[in-house]
Every structure is written in structure tokens, then in C-alpha cells.
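Residue-level structural notes
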Protein chains: 2
Amino acid sequence: MIYSQSVQALIEELGHLPGIGPKSAQRLAFHILRIPEPDARRLAAAIVDVKERTTWCTRCWNISDGPLCDFCLAPERDPTLLCVVEDPRDIVAVERTGGFSGRYHVLHGAIDPIGGIGPEQLRVKELLARLEPEGVTELIVCTNPNLEGEATAMYLARLIRPLGITVSRPASGLPVGGDLEYADEVTLGRALEGRRAMEA
Amino acid sequence: MIYSQSVQALIEELGHLPGIGPKSAQRLAFHILRIPEPDARRLAAAIVDVKERTTWCTRCWNISDGPLCDFCLAPERDPTLLCVVEDPRDIVAVERTGGFSGRYHVLHGAIDPIGGIGPEQLRVKELLARLEPEGVTELIVCTNPNLEGEATAMYLARLIRPLGITVSRPASGLPVGGDLEYADEVTLGRALEGRRAMEA
């Protein structure tokens, strides 16, 4: 024996979590062994609870407590403006800016030919189905500014522009508060390309 | 709202685990949202299970499925030889050597005055209570070779040597397979101090 069966089982289950290697799983399991039982039960209950209560919004595929998420239900959100993101967490990032009043659509990933992720693995079909019924006029493709995100944006632009819908992408450029000296050449190049005339 | 209540609750519970910051907790929570429900339930059940089934051995404070752990129950283990470790995981490390046939005692930590851990926070009282009834003749203090571990070893030696029990400490020295060039001076110094005559 190394550990008892229940400890071994817990280490194994924890090891399935992303970014948790065998050593971390062991450390977490021993932490759980040490904490008071109510704390451990609360963690277990939170896991079960999230699976029982949380589902995906059937319209935008954000996480949701019901068939439609809070953004899709909110009457004040502009249905003609749609922001496409890779992950529900990206919605939080966009919301934090306070500058977007439209609705969202979560793709649940980005196109990645090497990883075997094509448009059919993403919520693209569901996105297309929304455009006409909701009267979407502009699509802001807020996928990550990396290879996969750019490929996904390009793909969506080619697909959706012909429908007469404006497809836009957030500007690339220097991060506010950043240091020119430390900007990589691609970012600085994009920033220069996208330069804007200063007003007065 | 940022996330729904159940998601927020799960992020919070995961954030209590050691080494899991707010971003990791979010990542783990979203992973749990994505995995099939049976997998999530299995993880939750493993947490509850470990708390229900696993307890501490009442003799050596190793993790155990019953009042006494497998090592304390094994008749072939020599009760006169006791190996003192900081953590149940250290038992696995000692067992892996295949060179120890005695019993164990888990302190559950090491003396750390800065962290406010004194002997009374450790299973020292329980260790002292075992020495006479079990007829212990040698104590191998296998605490970590760091400041806290050394302080603990020193403390135990001063306490237990007067009882006529040999208190030993594993040798410090060069790791087998290591490189002399990369050895730190303290380790190399200890290795030279502890040099052993070669036998033909």
C-alpha cells in the first residue's frame, strides 16, 4: 500500500483537473484530509451544485442558471450588436470595460487546425442562426489576439460579411500604461498601422 | 452580476485550496462546468469519501482507514525502531527506499517559531507517550533537512536522549547521481564532514 484507497482515489480525481500534476494533486488531497469536515463537504457540495444549477444559455452559450442567461434576458441590452467571445470568462472582461451594451455569443473555443478544432466544434452554427431573428447589424469578434483567435475572426468575417453585417475586431495596439521600450514589434507595428489623428 | 451564485461559490471554495489563486480557481471552476456531470460527481464524492473513511492513526498519526494504520498493525515491523517524520507523505518517501523496517510517528509539521509553530502544536506529546510502552530503543528523526526540520530534530534529541534512547538523523551529503560542481557549499561541507572510509 502507498495510500489508502480513498486517498488514492481523491489524488486521482484531483489529478484530472487542468494544471494539477501528481504532486499538486497529492498536496491538495492532504490539505483536504487536514481541513475540518464541514469545509470539505462545502467544497464537494459546491462542485455538485454548480453542475446541478448551472447550464448553458440556449441562445448565447454563456453560463446560465436558466434556459436564457441574464444578458439575453436583459431588455436594455441592444440585440443588434453582438460580441463574439471564446469563453464565458471573456464576457466578464468585456463587461468590466462598461463600454458594451449589446449581447454576447460564446464560441467555446477558437479554430485551431493543429489541435483538431474546426468551426464545427464551436458554437458557429448557433451564431449564424441568431443573426437574422435578432436583427444583428454588427458583430464584434472579441476572440483572443493570438493565432487561433485571429484565424477564428478571419473565418467569421468571411462567413458573415456577405450577409450585410458589419464584422469588427477590437483594435490591436499598445496597452494603456505600458512601456514603448518593452512592446513587441508586432504589437507596436499594429499600433502604428492603427494610429489615430489627435483631436486638438 | 459577474457569475451566477453557484459558480461564484465554487470559485470561492476552490480558492481556499493551497496554491490555488483567484485565476486558477476560476479556471478550475470553468473546467468543472465543462466536464460531464458524472466526472464532477466523482470528484465531489472522492472529497466526501476521504473525509468519511480516512482518519488519523491513533498511535502514529499517519493517515489510516481505522483506529490503527497498516504500519502499526503489521506484526513484522520492528516496534523498537521509530522513524519520526513531519508529514504522512514522508512515510511514502522512506518506504520507497525499502530500507526501513520499524514504525513511524508523524509530527504533522515542524517547529517554526516565526510561523508560531511550537512543540505543543505538533504530535510530540503523543510521541513521548509511545516510547516506553513500545520499548523504543532508537529514534530516527527524518524531518526535512531545512531550518525548521533541523530545529525540530535538535529539540527532540535534547528531549529524548536523556531517556536512554538513541536519537539519529539521516546523513546529509551529496545526492546520488548528483554533480559535485553544482552542490551547494553547506551540503558539500556536510558531505566532507560525514566522509566514510572506503572498504577495499
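Further up the page is the structure itself.
For every chain, the first residue of the written sequence is number 1, and numbering continues from 1 along that sequence. Here every chain gets a letter starting at A, and every ligand a number starting at 1, in the order they are written. Where local features are concerned, this predicted model is filtered to residues with pLDDT of at least 70; where side-chain atom pairs are given and counted, the filter is 80 or more; whole-chain, interface and lining totals use all residues. With hydrogens and water stripped out, all remaining heavy atoms of the structure feed into the side-chain values.

**Notes on the overall build of chain A**
To be explicit about the condition: Helix and strand definitions follow DSSP, with helices as H or I runs of at least four residues and strands as E runs of at least two, each counted in order from the N terminus. Just to be clear, the radius of gyration here is over C-alpha atoms, and the globule rule we use is 2.2 Å times residues to the power 0.38. Contact criterion: two residues are considered in contact whenever any of their non-hydrogen atoms come within 4.5 Å of each other. Residue exposure ignores everything except the shown protein chains as possible cover, and the areas themselves are Shrake-Rupley values with a 1.4 Å probe. When charges are counted, Lys and Arg contribute as positive and Asp and Glu as negative, whereas His and the chain ends are disregarded. A single reference atom marks each charge: NZ on Lys, CZ on Arg, CG on Asp, CD on Glu.
When helices and strands are tallied, chain A shows eight helices and six strands. The C-alpha radius of gyration of chain A comes to 22 Å, more than 25% above the 16 Å expected for a compact globule of 200 residues. Taking all contacts inside chain A whose residues are at least 6 apart in sequence as the whole, residues at least 24 apart take part in 48%. Just so you have it, chain A exposes about 11300 Å², and 56% of that area is on carbon and sulfur atoms. Distance between charge centres in chain A, computed from 21 positive and 28 negative side chains, equals 3 Å.

**Overview of helix 2 (residues 22-34) of chain A**
As a reminder, the rule being used: Take the residue count of a helix, subtract one, and multiply by 1.5 Å to get its expected span. Only protein chains enter the accessibility calculation, which uses a 1.4 Å probe; a residue whose area is less than 20% of its type maximum is buried, one above 50% is exposed, and one in between is partly exposed.
Over its 13 residues, helix 2 of chain A extends 18 Å from the first C-alpha to the last, a length consistent with the 18 Å expected when each residue adds 1.5 Å. Within the sequence span of helix 2 of chain A, burial applies to A:Ala25, A:Gln26, A:Leu28, A:Ala29, A:Phe30, A:Ile32 and A:Leu33. Buried residues belonging to helix 2 of chain A abut helix 1 (5-15) and helix 3 (37-53) of chain A together with helix 3 (37-53), strand 1 (55-56), strand 2 (63-64) and helix 5 (88-97) of chain B.

**Remarks on the interface of chain A and chain B**
Defined as follows: By convention, the term buried area covers the 1.4 Å-probe accessible surface removed from two parts as they join, with the contributions of both added. The salt bridge definition used is simple: a Lys or Arg side-chain nitrogen within 4 Å of an Asp or Glu carboxyl oxygen. N or O atoms closer than or at 3.5 Å make up a polar contact, with two conditions inside protein: a donor-capable atom paired with an acceptor-capable one, and, for residues adjacent in sequence, both atoms drawn from side chains. Residue polarity follows a fixed list, in which Ala, Val, Leu, Ile, Met, Phe, Trp, Tyr, Cys and Pro are nonpolar, Asp, Glu, Lys and Arg are charged, and the others, Gly among them, are polar.
Taken residue by residue, the interface counts 52 residues in chain A and 52 residues in chain B. When chain A packs against chain B, the two sides together hide about 4900 Å² of surface, and 68% of this comes from carbon and sulfur. Three residues, A:Ile47, A:Lys51 and A:Arg89, lead the burial of chain A against chain B; their summed loss comes to 14% of the area buried on that side. Our enumeration of links across chain A and chain B arrives at six salt bridges. Measuring nitrogen to oxygen at the nearest pair gives 2.9 Å for the salt bridge that ties A:Glu13 to B:Arg42. One can count 20 residue pairs in polar contact (both at pLDDT 80 or more) joining chain A with chain B. Per-element accounting of the side of chain A that touches chain B gives the leading share, 15 residues, to helix 3 of chain A. A breakdown of the residues in the side of chain A that touches chain B according to their chemical character gives 28 nonpolar, nine polar and 15 charged.

**Re the relation of the copies chain A and chain B**
Put simply, the rule is: We place the copies in one frame by least squares, fitting the C-alpha atoms of every residue whose pLDDT is at least 70 in both.
Once chain A has been moved 0.0 Å along the axis and rotated by 180°, it coincides with chain B to within an RMSD of 0.1 Å. One copy is carried onto the other by what is essentially a two-fold rotation axis. If distances are taken from each C-alpha of chain A to the rotation axis, the shortest is found for A:Ala44, at 2.1 Å. Taken together, the interface assignments show that 100% of the residues at the interface of chain A recur at the interface of chain B, consistent with an identical surface on both copies.

**Details of the side chain of B:Glu13**
Looking at the element boundaries, B:Glu13 is found in helix 1 (residues 5-15). Given the relative accessible area of 12%, B:Glu13 is considered buried. Among the polar contacts made by the side chain of B:Glu13, one reaches the side chain of A:Arg42 at a distance of 2.9 Å.

**What to know about the pattern of salt bridges**
What the rule picks out here adds up to 28 salt bridges over all chains. Across the salt bridge formed by A:Arg89 and A:Asp87, the nearest N and O atoms sit 3.1 Å from each other. Among the ionic pairs, A:Asp87 bridges to B:Arg34, the shortest N-O distance being 2.7 Å. Of this pair, A:Asp87 sits in the loop between strand 3 (78-85) and helix 5 (88-97) while B:Arg34 is found in helix 2 (residues 22-34), placing the two residues in two different chains.

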